[in-house]
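# Results of the structural survey
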Amino acid sequence: MTEKQRTLMVVEDDPALQKQMRWAFGDFETILASDRESAIAQLRRHEPPVVTMDLGLPPEPDGVGEGFALLQEMLALAPDTKVIVLTGQHDRENAVRAVGMGAYDFFAKPFEPEFLTLTIDRAFRLYDLQRENQRLQEERGSALSGMLTRDPGMLKVCRTVEKVASANNVTVALLGESGTGKEVVARGLHELSSRAKQRFVAINCAAIPDALLEAELFGYEKGAFTGAVKQTPGKIETADKGTLFLDEIGDLPMPLQAKLLRFLQERVIERIGGRSEIPVDVRVVCATHQDLKRLIEEGRFREDLYYRLAEIVIEIPPLRDRPGDASLLAHAFVQRFAEENGRGSMRLSDEAVAAVEAHRWPGNVRELENCVKRAVIMADGNRVTAEDLGLETADESLEMLNLRQVREAAERSAVTKVLSRVNGNIARAAEVLGVSRPTLYDLMNRFGIKKEA
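Keep in mind that what you see is a predicted model, and the values were worked out from it rather than measured.

Rules behind the numbers
- Residues numbered from 1 in each chain as written.
- Predicted model: local features only at pLDDT ≥ 70, side-chain atom pairs only at ≥ 80, totals over all residues.
- Heavy atoms only, no water.
- Axes fitted to C-alpha atoms, helices over the stretch in contact; angles between N-to-C directions.
- Helix = DSSP H or I, 4+ residues; strand = E, 2+ residues; numbered from the N terminus.
- Parallel < 35°, antiparallel > 145°, perpendicular 65-115°, else oblique.
- Left-handed = near helix turned anticlockwise from the far one by under 90°.
- Contact = heavy atoms within 4.5 Å.
- Nonpolar A, V, L, I, M, F, W, Y, C, P; charged D, E, K, R; others polar.
- Pairing = 2+ DSSP bridges.
- Right-handed = clockwise from strand over helix to strand, strands pointing away.

## Quick word on the packing of helix α2 (residues 36-46) against helix α3 (residues 65-77)
At a closest axis distance of 10 Å, the pairing of α2 and α3 adopts a crossing angle of 15 degrees. Between α2 and α3, the angle falls in the class roughly parallel. As for the relative orientation of α2 and α3, their crossing is right-handed in sense. Contact residues: α2 offers Arg36, Ala39, Ile40, Leu43 and Arg44, while α3 offers Glu66, Ala69, Leu70, Glu73, Met74 and Leu77. Counted by class, the contact of α2 with α3 contains seven nonpolar, no polar and four charged residues.

In C-alpha cells, the structure reads:
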C-alpha cells in the first residue's frame, strides 16, 4: 500500500485548520469530519487506519466531553484504528486520559506538521503490522496459529508441515535450538493429520531419570518391580491411533534406543515384566536441539535409529535468522499479555522495537515471550520501553531503514564485488549485473568507483 492510497481522517471543527491540515498531509487521502456524527459516518464509510481528532468538538467546542465520547465510540467500532488526539498546549491530563482509553498518541496544539506526520507514519506502520499478523494467522488456520512468522524460511517450514501431515505413518524429526517452537510444529502436524481427533502424547526424554524412562515409555505389569502395584500402560501405548511426540530424543539412553528401534520396526511393544506383544498404531514425531549426526560419530546415538526417526527432517531456524520475526512476535505478545493481565491497550515504543530487533535472542521465541510478558506486567504506562524489556537501546533508528539508502548500499556493494571478480572488465561486469554499459558507468560515477578498481 502506497502513502497516496492510505486514508487519514481528520476530525476538526475549525475550517481554517481543516484546510491547513489537508494541505500539510497531502501525501495521504485526507477525509474530513467536523463533529461526532460526521466522524462516525466517515469512519463507517472509509474505515481509515489512522485518525487525528480534536477533543473540543461541537456542540461544546470549549469542553472535552464530546471528544471523549467520540473517542470511545470510534475505538468500539474500529479497535484497530490508531487515533491521535490533539490537545491544548497545557492539557496533559486529558491527553493522558485519552491514551489510557486506547488512543495511539497525543499531540499538543499548535503542532509542527513535520513532527505530526512522523507520528502518523508510525501509526500506519503499526496498523499494517497488526493487519499482517491477522492475515498470516488466518492463512495458516488454527492448526498452526501458534506459528506467527513472515520469514521465508519459517513459511517453508509451515508448507512442509502441511504436506507431511497427511502422511500419517511417516516419522518426522524436528531439529532446532531450544525455544524455536518445535512442539508447536509437532502439534500442528497432529492437528492437520487424520489423527487429529485422537490423543497427542508428549514426553521429554531429558526430563525423566533413565531408570524411570523405560517404564514411562513402555509401561509395566503389576509386580514387575518394587512399587509396581498395578498394570500401567506407557506413553507409547497411550498414544495409540494418535501422535507420540518424543522431545529431546538426543538424550535417550542407549539401551532404550535399541528398544525404541524395535518398536519402530515391528510396531509392537512389551510392557516391563510382560510377555505378550501389544500392537500400537501411532505416528512418532521427535525433536532435539542436538546434532544427531555428531552424536552418531561419537557413538552416543544409534545410526539405524536415526534413519528410522528421520524419514522426514524439518529444520527450524533460530529467531536471530528470521529477519523481522522478533518485532512481529513482540507486538503480538504485547497484545496477548496486555489482554490477559487487564492492562488495556499497550504497545511497544520505537526504541523497544529497535532493541528487540537488535537482540540476538539465544533463547529464541521462548525467551522473547517471557521477556515481553514480564515487561507488560511491570510497565508503568501503556508503552513498553526497551528498559521495561531489560534490553539495551539499539543505535539503529528508523531513518537508517530508508529504502533508498538500503537500495544504494546494495547496488554499491554489488557493483564493487562484480568489478573485482571480473578484474575491471566493464563489458563483462555489465553482463553479470544485467545492465547496459552506460548504466554501469552512471552507477560507478554515482558511487565514486574508478574503472581501475
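After that view of the structure, there is still more to cover.
## Considering the pairing of strand β2 (residues 29-33)
Two strands pair when backbone bridges link them, and strand β1 (residues 7-11) and β2 are joined in this way by five bridges, in the parallel orientation. In the strand pairing of β2, Thr7 is matched with Glu29. Once the chain exits β1 it traverses helix α1 (residues 15-24) before rejoining the sheet at β2, and the crossover so formed is right-handed.

## Describing the sheet that holds strand β14 (residues 312-315)
With parallel pairing, the five strands of this open sheet are ordered in space as β7-β10-β13-β6-β14. This sheet does not close on itself; its edge strands, each paired only once, are β7 (200-204) and β14. Ignoring strand direction, the axes of neighbouring strands in this sheet form an average angle of 20 degrees. Note: strand β6 (residues 172-175) against strand β13 (residues 283-288), four bridges, orientation parallel. The residue of β13 that forms the bridge with Val172 is Val285. Those strands touched by helix α6 (residues 152-165) are β6, β13 and β14, and its axis lies near 155 degrees from that of β14.

## Side note on the sheet that holds β1
Taking strand neighbours across the sheet as the criterion, the five strands line up as β2-β1-β3-β4-β5 in an open arrangement whose pairing is parallel. Of all strands in the sheet, those bounded by a partner on one side alone are β2 and β5 (105-108). On average, each strand axis in the sheet is inclined to that of its neighbour by 20 degrees, with strand direction left out of account. Here α2 sits on the sheet in contact with β1 and β2, set at roughly 145 degrees to β2. Contacts between helix α4 (residues 92-101) and the sheet are confined to β4 (82-87) and β5, with β5 contributing the most and set at about 160 degrees to the helix.

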